[in-house]
Amino acid sequence: MSRRRHSDDSDDSDGQPHKRRRTSEPSEIEERLESLICRVGEKSNSSLESNLEGLAGVLEADLPNYKSKILRILCTVARLLPEKLTVYTTLVGLLNARNYNFGGEFVEAMIRQLKECLKVNMYNEAVHLVRFLSDLVNCHVIAAPSMVAMFENFVSVTQEEDVPQVRCDWYIFAFLSSLPWVGKELYEKKDAEMDRLLSQTESYLKRRQKIHVPMLQVWTADKPHPQEEYLDCLWSQIQKLKKDRWQERHILRPYLAFDSILCEALQHNLPPFTPPPHTEDSVYPMPRVIFRMFDYTDDPEGPVMPGSHSVERFVIEENLHCIIKSHWKERKTCAAQLLSYPGNNKIPLNYHIVEVIFAELFQLPSPPHIEVMYTTLLIELCKLQPGSLPQVLAQATEMLYMRLDTMNTTCVDRFINWFSHHLSNFQFRWSWEDWSDCLTQDLEKPKPKFVREVLEKCMRLSYHQRIIDIVPASFSVLSPANPVCIYKYGDESNRSLPGYTVALCLTIAIKNKASNDEIFSILKDVPNPNQDDDDDEGFTFNPLKIEVFVQTLLHLAAKSFSHSFSALAKFHEVFKTLAESDEGKLHVLRVVYEVWKNHPQMIAVLVDKMIRTQIVDCAAVANWIFSSELAHDFTRFYIWEILHSTIRKMNKHVLKIHKELEDTKARLARQHKRRDSDDDDRSSDREDGPLEEQIERLQEKVESAQSEQKNLFLVIFQRFIMLLTEHLVRCETGGIDVFTPWYKSCIERLQQIFLQHHQIIQQYMVTFENLLFTAELDHHILAVFQQFCTVQCTSKLFMFSLLCG
Amino acid sequence: MCSGGTLSILRSDSYVDLSQYRDQHFRGTRYDQERLLRKSCTLYVGNLSFYTTEEQIHELFGKSGDIKKIIMGLDKVKKTACGFCFVEYYARGDAENAMRYINGTRLDDRIIRTDWDAGFKEGRQYGRGRSGGQVRDEYRQDYDAGRGGYGKTVQCQFYKFYRENDEPHNVVTTQKVRQE
C-alpha cells in the first residue's frame, strides 16, 4: 500500500491531488487529437481499416466538445498531407456516415479554405483541396453532379479574356489532376458532361502558347525521353486513363473496404463555386516540364515501371514530391517516408525516388529546396537501402553523364556540385575508366569539361594529391592544377622586373608589421608606367604600384584564407586608395587572378571579401570577368559562381537598405499613432525630425543602390552582347559555323542570367530595351530578349526559348 | 478555418533544435546562453581531422550559404589544428541549413558534427584538454590516425612503459605527414 496521501484523483501518479484536474487541459486534447489524426495510416500493428474505424469512433465521440478543432485539423491535413489523401477522405466519409451535419460543415469549411487559398496565391495547396473534395465523391460525402458542376466552372475559366495563360492553366490542372482519383465515378454518373469538359480542355490545350518549354527543359534533345510540358503530359495520361475505361489500380483506396457503410450515407452538394477573378496581385504557379530519365527498360529484373503516359506514373510522382515537401527539414524522416511509399513490390520504387529527386534538383529556374538537401537525402536513402539504392544512383549518374551534350548549363552546374559532394562522402570511389571516352574529345566539349569541373570540386573538398591518387593516370589532362600561388617577384631571376626591389622592400616591411603609412611611403617611389605626370599625392591609377603591392601581400598571406583576409583587413586603407578609380579596381582584380589562377576557390573568396569591404564594386567584378585576361577561363564554372554570387550580394544589399527604409517608416508611423492617441499638447512635429531625416537619407540610399544594381546588369548584358557579336561577326566573315561549344556555353550563360535573376531584371526592362536590346542587334541575340519580353507581358513569367539558327 | 495553420508533425525541425551541450565556460546564465544559441549564426564543428584545412571547411559549409568567418580550433600549446572549428554565417537561415544537411555527413572521410555556438570569443579557439588539444583527445582509448593517434593519456602510458623498459618507442606523434 502506497504511503502516498490519498487523493481524489486516484489515478494521479504524482500524488498531488489539488494540482491536476480530472481531465486534461483543452490544448492537450487538441494536441492529442491532432496527433491521432496525423498518425493514422502510419505503420501499425492493426490494419488501416481498423485504425480508421477506431479513429472515427473517437472523433465522433469528441464532436460535441471539440467539433471546431476537429474541423480545423481535418482541413489542415487535407491541405498539407496530400500524400495521405485517401486515408483522410475515408475518415471524413466514415464521420459523415455517422453524423450528416458534421459532413456538411466539413464541406463548407473546405470550400472556405479553398477560397482563402486562392485569394492569397496558395495555388499548390489549393490543388490538394480540390483533389480532396473530388475524392470525397468516392466516399459518398459529395454528390458527383455537384463536383462536375465545380469542374465546369473551372474549365470555363479558359473562356475568360485578357487573363494570363497561367491562370487558365491552373484551373485546367486542378480539374485534370483530380481525375485519377475520381474520373471513374464522375464519368459513370455524368458522362456527357465529362466528355464536354474534356473536349473543351483539349481545345484549350491545343491553342495555348508553349514558348516557355525549351527554357525549362533539362535536355534539349528528345531522346531517349522527351521533356514534356506538364499539362501536355497530364493530358496524355488522362486520355490513356479514359481509354482504359478509367480503371486505375495504383491509388490506395481504403474507402472501398467500407463501401457498405458509406453507400448508406447521405451526400452533400457542393455549393456553386465561382473562381475568384484575376487581380493585379494574383501570382499563379509557373509552368513546368516533366523530368523523366527512366523507363521500364532500365530495371529489367524488377517490377515494371509505369509508362510515361500512365496515370500511375503521375500519381506516384505527385505523392513522392508531396512527401519531400512535407519532410524536407527532417532528412531521416523524409527518406523513411519515401521508402515506405505503398506499392513497393509492384513498382521500382528506388527508380521513382531517384527520378523525382533529380527532377527537383534540376528544376528550372530553381529547385524547390536548397541543393545540398538533395545530396544529403540521397545519402540517407543509400544508408537505408545499401543493397539497392547506390546501384540505382550509379546507373542514374552514368545516364546523366551520357547525355551531357544536350544538358542545360545550369543543370550541368548542379550535377557537378551534387556528384562531387556525393563522392566526398564515399571516399571518391568511382569507375573513372568507364569515362575514358571523354579523354579523346576537345576539352571544351561537355563531357571532358564536366569531369574537369568535378575533379576540381572534389579537390576543394579534399586536397590535390588525393585527386591525383583517385583517377587513372590517363586522366591527368583533366586533373586540377596544384592550387599554389604564383609570385612574380619570387625568383632571383626576376630581378630585372620593374618593381622587384620595391617588392623586396615591401616584403620586409610587412613582415616587420609595417603600418599603412609606411607602406604608402615605400610605394611612393614606384614609377607610373602609364602616365607622364603624377599628381602630387600620387593617388592616380598606377598599375605598377597595384601590381607590386597586391602580389607581395597576397604572396605573404598565401598560407590560408584567414591569413589573406587578415591582410586585406590590415591594409584596407592602401587597397582603397590604390583601387579608388575604376581602372584601379579592375587592375586589383587582374593581379589577384595572376597570383591565384591555380586556386579558383581562393580567387572567389578574395573577390567576395573585396566586395564586402568595398575595395572593389560589383560592376568592376563584372567588367573583369568579361576582360580579355580572363578569356581563357571564361567557360569555367568558378567564373560563373563568382558572377552569380556578385549579383546576389548586390540584390541582398538593395533588399537590406529597402528593409531599413520600411522599418524606419514603420517607426515613424507608430510614433504618429502614439502621439495621436496621447492627446498631449506638449508633443509636436519636432519629434518627427530625426526620423524624417533618416527616412530621407535611406530613400537616397535605396535609389543609389538600385541605380548600382541596374548598372551591374547593364554592364553584364553589354559585355555579353559585345562578346557574342564579335563571335558572330567572326564566324560570318570566316564562313564557319556559329555553334561552337564556346558559343553554346556563352549563350546559355546569358540565358542563365535572365533565368536566375528574372524578378530583378523585370524592374529595369525598359532601360535594357532602350539602351541595349535594340533592333540593330544581331538577330541571334535579340531573339533571346524578345522572347523574354513577349512572354512577360502576357503571363508575368520570364522565359524564352533556346536560340535556334 | 485559416490557410496559414500548420501541423506539429510538419513543424518538426529536430536537426535545428539545441543539443544538450552547454559551454561550461560561458559567462552568463543558462538562460542567456540558450537565448544566444537560439539566435546564433555560429556553429561549432567537431570531429574534424587535424589535417582538414580552412579551405575544405569553406567549400563544404559554403553549400548552405555565405560564410562570414571560419575560426580554426588550435592546440593551446602547439598552436596547430586540433580537430574543431567555428563557422559563422551572415544569416541564421544558412546556419540552420548547415545543421540540417551538413551535420552528420563526411568531411575528409570523417563524420563531422555541428552544434550551435553562442558566439566566438577570444580564447575559445583553443582546446581545453590538459595537454593542449581537445578534452575528448585526452582520454580517448581508440587509435585515430586523423587526430594524433591514441588519446593523450594512452600515449603517456606508452611513453612511460617504453621509458621504463628502455626500448625505442614508436609513440605516434601529431606531426603532419600530408602536404599543406
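Parameters at a glance
One numbering rule holds for all chains: residues counted from 1, following each sequence as written. To read the labels, note that chains go from A and ligands from 1, taken in the order they are written. Where local features are concerned, this predicted model is filtered to residues with pLDDT of at least 70; where side-chain atom pairs are given and counted, the filter is 80 or more; whole-chain, interface and lining totals use all residues. Side-chain measures here rest on the full set of heavy atoms in the structure, leaving out hydrogens and waters. Only DSSP runs of H or I covering at least 4 residues are called helices, and only runs of E covering at least 2 are called strands; the numbering of each starts at the N terminus. Three exposure classes are used, based on accessible area relative to the maximum for each residue type with a 1.4 Å probe and protein chains only: buried under 20%, partly exposed in between, and exposed over 50%. Contacts are assigned to residue pairs that have any heavy atoms within 4.5 Å of one another. For accessible areas, the Shrake-Rupley method is used with a probe of radius 1.4 Å. Any residue's cover is judged against the shown protein chains and nothing else. Just so you know, the count uses Lys and Arg for positive and Asp and Glu for negative, and it drops His and the chain ends. Here the site of a charge means atom NZ of a Lys, CZ of an Arg, CG of an Asp or CD of a Glu. By the convention used here, strands pair only if DSSP detects at least 2 bridges between them. To obtain each axis, a line is fitted to C-alpha atoms, and for helices this fit is confined to the stretch in contact; angles are then taken between N-to-C directions over 0 to 180 degrees. Just to be clear on terms, a salt bridge is a Lys or Arg side-chain nitrogen sitting within 4 Å of an Asp or Glu carboxyl oxygen. As used in this structure description, the phrase polar contact means that two N or O atoms lie within 3.5 Å; if the pair is within protein, one of them must be able to donate a hydrogen and the other to accept it, and residues adjacent in sequence are counted only when both atoms belong to side chains. Each residue receives one of three labels: charged for Asp, Glu, Lys and Arg, nonpolar for Ala, Val, Leu, Ile, Met, Phe, Trp, Tyr, Cys and Pro, and polar for the others, Gly being one of them. Residues grouped as a nonpolar core are buried Ala, Val, Leu, Ile, Met, Phe, Trp, Tyr and Cys residues, joined through side-chain atoms within 4.5 Å. The quantity called pLDDT is the predictor's confidence in a given residue, expressed from 0 to 100. Each pair of aromatic rings taken from Phe, Tyr and Trp, with Trp reduced to its six-membered ring, is defined by centres within 6.5 Å and is described as stacked if the planes are under 30 degrees apart, edge-to-face if over 60, and tilted in the remaining cases. Two limits define a charge over a ring: the Lys NZ or Arg CZ must be within 6 Å of the ring centre, and within 35 degrees of the ring normal.

Draft legend 1. Focus on the overall build of chain A. When you go through chain A residue by residue, the secondary structure sums to 34 helices and zero strands. Each principal axis of the C-alpha distribution contributes one length, and for chain A these read about 100 × 80 × 70 Å. Every one of the 805 residues in chain A was classed for burial, and the buried ones make up 55%. Intrachain contacts of chain A at a sequence separation of at least 6 include 74% that bridge at least 24 residues. Summing over all exposed atoms, chain A offers an accessible surface of approximately 36700 Å²; the carbon and sulfur share of this is 50%. With 91 positive and 111 negative side-chain charges, chain A shows a separation of 5 Å between the mean positions of the two kinds.

Draft legend 2. Looking closely at the overall build of chain B. Across its full length, chain B holds six helices and six strands. Along chain B, helices and strands appear, N-terminal first, in the series α-α-β-α-β-β-α-β-β-β-α-α. Evaluated residue by residue, chain B yields a buried proportion of 51% over its 180 residues. Counting only contacts in chain B whose residues sit at least 6 apart along the sequence, the fraction spanning at least 24 positions is 61%. Element-wise, carbon and sulfur atoms account for 50% of the exposed surface of chain B, whose accessible area totals about 9600 Å².

Draft legend 3. Broad picture of the sheet that holds strand β3 (residues 81-89) of chain B. All names here are of chain B. Spatially, four strands are ordered β2-β3-β1-β6 in an open sheet, and the strand pairing comes out antiparallel. In this open sheet, the two edge strands, each paired with only one partner strand, are β2 (67-74) and β6 (113-117). Adjacent strand axes in the sheet meet at a mean angle of 25° when their direction is disregarded. Note: β2 against β3, six bridges, orientation antiparallel.

Draft legend 4. Spatial organisation of the pairing of β3(B). Residue and element names in this part refer to chain B. For β3, the tally of buried residues reaches eight of nine residues, placing the bulk of the element in the interior. For strand β1 (residues 42-46) and β3, the ladder comprises four bridges, and the chain directions are antiparallel. In the sheet register, Leu 43 faces β3, and the bridge partner there is Val 87.

Draft legend 5. Examining the interface of chain B and chain A more closely. In this assembly, 40 residues from chain B lie in contact with 51 residues from chain A. Remark: the boundary between chain B and chain A carries five salt bridges. In this structure, Lys457(A) engages Glu59(B) in a salt bridge whose closest nitrogen and oxygen atoms are separated by 3.8 Å. Counting the contacts that link chain B with chain A gives 19 residue pairs in polar contact (both at pLDDT 80 or more). Of all elements in the fold, only α1 (8-11), α3 (54-61), β2, α4 (92-101) and β4 (106-107) of chain B reach the threshold of two or more residues within the side of chain B that touches chain A. Here the residues of the side of chain B that touches chain A sort into 13 nonpolar, 14 polar and 13 charged.

Draft legend 6. Region of interest: the environment of Phe61(B). Residue and element names in this part refer to chain B. In this fold, Phe 61 is placed in helix α3. A sequence separation of 44 residues divides Phe 61 from Thr 105, and the C-alpha atoms of the two residues are 11 Å apart. Contacts of Phe 61, omitting those with residues within four sequence positions, involve Leu 43, Val 45, Ile 67, Val 87, Tyr 89, Ala 98, Ile 102, Ile 112 and Thr 114.

Draft legend 7. Spotlight on the nonpolar core. Core analysis: the largest hydrophobic core is formed by 190 residues, its most contacted members being Phe358(A), Trp432(A), Phe450(A) and Phe61(B). Element by element, the count of residues in this core is highest for helix α2 (residues 48-80) of chain A, at 14 residues. One finds Ala557(A), Ile615(A), Ile625(A) and Ile716(A) within the second-largest nonpolar core, a separate group that totals 106 residues.

Draft legend 8. Fine view of the confidence of the model for chain A. Residues and elements named next belong to chain A. For chain A, mean pLDDT is 90; residues scoring 70 or higher make up 92% of the total. A low-confidence stretch, residues 1-21 (pLDDT under 50), is modelled with 12 contacts involving residues beyond four sequence positions or located in other chains. Low pLDDT, under 50, characterises residues 793-805; the predicted model gives this stretch 48 contacts beyond four residues in sequence or across chains.

Draft legend 9. Structural detail: the pattern of salt bridges. Applying the stated criterion to the full structure yields 59 salt bridges over all chains. The residue Lys189(A) makes a salt bridge to Glu185(A) at a minimum N-O spacing of 2.6 Å. Pair noted here: Lys189(A) and Glu185(A) are both in helix α8 (residues 179-189), with a separation of four residues, about one helical turn. Several salt bridges share partner residues, and in doing so they unite Glu456(A), Lys457(A), Arg460(A), Asp633(A), Arg636(A), Glu641(A) and Glu59(B) into one network.

Draft legend 10. Spotlight on the environment of Thr646(A). Residue and element names in this part refer to chain A. Along the chain, Thr 646 falls in helix α29 (residues 637-678). Along the chain, Thr 646 and Cys 382 lie 264 residues apart, while their C-alpha atoms are 36 Å from each other. Ignoring sequence-local partners within four residues, the contact set of Thr 646 consists of Ile 611, Cys 618 and Val 621.

Draft legend 11. Layout of the packing of aromatic side chains. All names here are of chain A. Using the criterion set out here, one finds 52 aromatic pairs over all chains in the structure. Arranged with centres 6.0 Å apart and planes meeting at 75°, the rings of Phe 151 and Phe 154 form a pair that is edge-to-face. Of this pair, Phe 151 and Phe 154 both sit in helix α6 (residues 144-155), three residues apart, which is roughly one turn of that helix. When its relative accessible area of 0% is taken as the criterion, Phe 151 is described as buried. Among the aromatic residues, ring-to-ring pairing joins Trp 219, Phe 291, Phe 358, Phe 362, Tyr 401, Phe 415, Trp 418, Phe 419, Trp 430, Trp 432, Trp 435 and Phe 450 into one connected group. When the ring centre of Phe 173 is taken as reference, the NZ or CZ atom of Arg 288 above it lies at 5.4 Å. Positioned above the aromatic ring of Phe 565, the side-chain terminus of Lys 609 is 4.6 Å from the ring centre.

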